[in-house]
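# Summary of structural features
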2 protein chains.
Amino acid sequence: MGANERLVIIGADATGMSAASQARRLKPDHDLEITAFERGHFTSYSACGIPYWVGGEVTDRDALIARTPAEHRARGIDLRTRTEVTEIDLDRQCVRTRDLDDPTADERWHGFDHLVIATGARPVRPKLPGIDAEGVHGIQSLDDGQALLDALHKDHVRRAVVVGAGYIGVEMAEAFRHRDIDVTVLEASDQPMSTLDPDMGRLVHTAMNGMGIHTVTGAAATAVLTDADGRARAVTTENSEYPADVVVLGLGVRPETTLARDAGLPTGPHGGLLTDLAMRVRGQENIWAGGDCVEVLDLVSGHTRHIALGTHANKHGQVIGTNVGGGYATFPGVVGTAVSKVCDLEIARTGLLEAQAREVGLRYVTVTIESTSRAGYYPRAAPMTVKMLAEHRTGRLLGVQIVGREGAGKRVDVAAVALTAGMTVEQMISLDLGYAPPFSPAWDPILIAARKAAAAVTKEMRG
Amino acid sequence: MGANERLVIIGADATGMSAASQARRLKPDHDLEITAFERGHFTSYSACGIPYWVGGEVTDRDALIARTPAEHRARGIDLRTRTEVTEIDLDRQCVRTRDLDDPTADERWHGFDHLVIATGARPVRPKLPGIDAEGVHGIQSLDDGQALLDALHKDHVRRAVVVGAGYIGVEMAEAFRHRDIDVTVLEASDQPMSTLDPDMGRLVHTAMNGMGIHTVTGAAATAVLTDADGRARAVTTENSEYPADVVVLGLGVRPETTLARDAGLPTGPHGGLLTDLAMRVRGQENIWAGGDCVEVLDLVSGHTRHIALGTHANKHGQVIGTNVGGGYATFPGVVGTAVSKVCDLEIARTGLLEAQAREVGLRYVTVTIESTSRAGYYPRAAPMTVKMLAEHRTGRLLGVQIVGREGAGKRVDVAAVALTAGMTVEQMISLDLGYAPPFSPAWDPILIAARKAAAAVTKEMRG
């Protein structure tokens, strides 16, 4: 049976193991050998869930693991944890690996017929004085999460500083609030959540301060100060010093593509691998890539973007596994949807921000409306703000941003589907969305925004 | 200024007063006289909110009134409450009215340049022995709601029987549970919520019984038994007798089109007025109709349907008001979206049921999946069941039904937009829906269903 196809996977998280599982579903062992190499101990875990584990809302680390190495192996996948791929040789169609638990062992070469690059992303770690001190934590991996939790349990942590107010930053701020730890979030730019327009980011800023999360904007960290034992004791900015028993870095991630670039594979403007619609690396027949290490096509702007998000990673793996398994699937692209929360504040966006629209040469109108998640008279009707961008003249929906409370965030999905379908805001007015008082006002907030946006498009055309 | 245009409106609720308000926004008083005739005391109220008012979740009746007669009048609308229109004369372009508070007054004629028929719907009231007894309540109007509340406050009500397990029936069952009143729901058909397929309706049935709402199917009411004072004391079915201190009728509604039919205006197979896309009554230049008295085009089946829903009524009014005001707007149709809840059970649907698909000659595949509203490991992740119909061969989405708990219902909106856009289930797999653990599993339940439906379409094509 030496004629078996060999599928080799680098990285055994969402993309890698979704690809493996789907390929296995389509091709039995005797048709396809699947080998996955993973640097760490864990497979198929939800990195997005780490803040909730640290915050204590998820009590069991293993709950974050969708499938263990043993479970993968039981399904006929040769999974090698603690094994690092150190080189991809495209000419010879093989990868070199190293056993991280046995530094004396020789590196080995493994041939492949198909290769999946699912190397993920690495957190941004600015070169600041003291950044490597004890007490400074990333939270990219389960190991990171465990280290932070150990610190919280062992040390008397009263004050935390989170550097960066993006998704991870605000979610970690919530986690500390859950543990009754005083938290300060330092953000270099003028607003938290730079994934929103400044006006919407300001709503988040105000709400975070209202929750007792001290959020300082225009505050780029300049150093981590340490005590005599070399432990972090404060974060400094140009003007201030913020005492901290623990420091968390939430500055976002960059695609991890060192191996792939060394092998000569093409990366895009954001440092991610470039693929075709079937998730093949561009120009390659049998090299596939997906998840946090690739750039994805933004269907609204026509440009590629780097978006590290577990839901995309899962879809990429599914597409790759289907194609490697002899089926057909594509990943057409994204519209830039994201949803998050800080305590009871829900934050969502899809499509383009104002700056992103301008960047690709689009002229647009914007409207912002206030409404409620339920009929105004219904208990727990929560206020929400919806901002909508529509293209000048055509009225095509370009983007939606939402800041609100319970029931606000997932409404962004309606706009995500409308963007995918290329709908105009005029068309959106008559969308048949679910209505009953516990779920929505008679005019859903998204429809109110669409109505106002359509009027703005008309008005701008006239005048 | 005798050359003013005159807009006459019959019925001052959602459609009528949305039309009036929008027309007034576009045309000032000296260009357009607006007169609205309303049989009742109230205007622009949320009939959908009545069950929550009866249940005590909404404490103030006036909270259900979006705009009072006085507020409408202050905006230059001549609103005449307690005034019934008794005839429409199309030849002479006028309507005849009667003052309900002064039976001795003569009827009067009022000419119009535009007429809006917004006569709404009337509840189905079967001709059963005892149906008109004291203690038998409809809940169509605020007056109905008030009468029921008065009865609940005045009498010692321990047991209620709700006849009919559609939207109103199940919402009233919830209302009684909120008031700790024992409630039995009698449903003539084999399942509650005949707006769902039988398999999904059974999930609702089980859940309702689990909530202590005694739900009896195959139980057509045959009579209301009364006591010596002529008060309702029980409802009978062919085989049983259900004691009741209060009886509520929740058998749905029919379009109220007597006036319009007497004037020779066209109605459709469900008894509703037929309109064009601008909401003009078919064949008429200046007669408009909308809301619960019209049939709407079902964009999925291509047939008209009667759907009494406040959200459609509001849109119809907006479209009519825009067109009468000299603008341009259309109501393209619906996809049949509805969402409801019974206590913490959320029920939603959009598109076609199996029976509806068969009725219009569609061949389809169905899939049913179980998932959760949030990531499985996140607190309060609630189970939900999604059923999806897709067309044979084309894979076009035909319908979605959801039964679940908190966070399940409004997910139907994604399918509603996809239906409107004519998406295939294959296309839906890559929809960029908002993901974070508190909001969704990495694969949103709708996407899991789409994936399974796409596989089912492929499988059926092969074999």
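Described below are features of the structure shown in this document. Predicted model, so just to flag it, every value in this text is computed and none were measured.

## Brief notes about the pairing of strand S14 (residues 232–237) of chain B
Residue and element names in this part refer to chain B.
- By the criterion of burial, S14 is predominantly enclosed, with five of the six residues buried.
- Relative to S14, strand S13 (residues 221–226) is paired through five bridges, and the arrangement is antiparallel. When the bridges of S14 are listed, Thr226 appears paired with Ala232.
- Two successive antiparallel strands, S13 and S14, enclose a turn made up of five residues, where Gly230 displays a positive phi of approximately 80 degrees.
- Where S14 folds back onto strand S15 (residues 241–243) in an antiparallel hairpin, the turn is made up of three residues.

## Quick word on helix H10 (residues 412–420) of chain B
- Most of H10 of chain B sits inside the fold, with eight of its nine residues counted as buried.
- Looking at the packing, one finds that the buried side of H10 of chain B touches helix H10 (412–420) of chain A together with strand S22 (345–351), strand S25 (397–404), helix H11 (425–429) and helix H12 (445–462) of chain B.
- Positive backbone phi, approximately 70 degrees, marks Gly422 of chain B, located one or two places after H10 of chain B.

## Some points on the relation of the copies chain A and chain B
- Overlaying chain A on chain B yields an RMSD of 0.0 Å, the required transformation being a rotation through 180 degrees with an accompanying axial translation of 0.0 Å. On this basis, the relationship between the two copies can be described by a two-fold rotation axis. The rotation axis passes nearest to the C-alpha of Val414 of chain A in chain A, at a distance of 2.7 Å.
- Counting the interface residues of chain A, we find that 100% of their copies in chain B are interface residues as well, pointing to one common contact surface.

## Details of the pattern of salt bridges
- Taken as a whole, this structure holds 60 salt bridges over all chains when the rule is applied.
- Put simply, Arg125 of chain A and Asp132 of chain A hold a salt bridge, and the shortest N to O gap is 3.4 Å.
- Judged by its relative accessible area of 63%, Asp132 of chain A is exposed.
- A salt bridge links Asp62 of chain B to Arg61 of chain B; its shortest N-O distance comes to 3.3 Å.
- Take Asp62 of chain B: its relative accessible area is 42%, and that puts it in the partly exposed class.
- Look at Arg61 of chain B and you get partly exposed, because its relative accessible area is 27%.
- Taken together, the shared-partner salt bridges connect Arg39, Glu84, Glu87, Arg96, Arg98 and Glu107 of chain A into one network.

Cut-offs used in this document
- Here the residue numbers are simple positions, counted from 1 along each chain's written sequence.
- Going through the entries in the order they are written, you letter the chains from A and number the ligands from 1.
- Given that this is a predicted model, residues contribute local features only at a pLDDT of at least 70 and side-chain atom pairs are listed and counted only at 80 or more, while totals for whole chains, interfaces and linings are drawn from all residues.
- Side-chain descriptors were evaluated using all non-hydrogen atoms of the structure, hydrogens and water having been removed beforehand.
- The rule is simple: take the accessible area with a 1.4 Å probe, protein chains only, and divide by the maximum for that residue type; under 20% is buried, over 50% is exposed, in between is partly exposed.
- The numbering of helices and of strands both runs from the N terminus, where a helix is a DSSP run of H or I of at least 4 residues and a strand a run of E of at least 2.
- Two strands are counted as paired when DSSP detects at least two bridges linking them.
- Whether two residues are in contact is decided by their heavy atoms: any pair within 4.5 Å suffices.
- Residues reaching a pLDDT of at least 70 in both copies supply the C-alpha atoms on which the copies are superposed by least squares.
- In the sections that follow, a salt bridge refers to a side-chain nitrogen of Lys or Arg positioned within 4 Å of a carboxyl oxygen of Asp or Glu.

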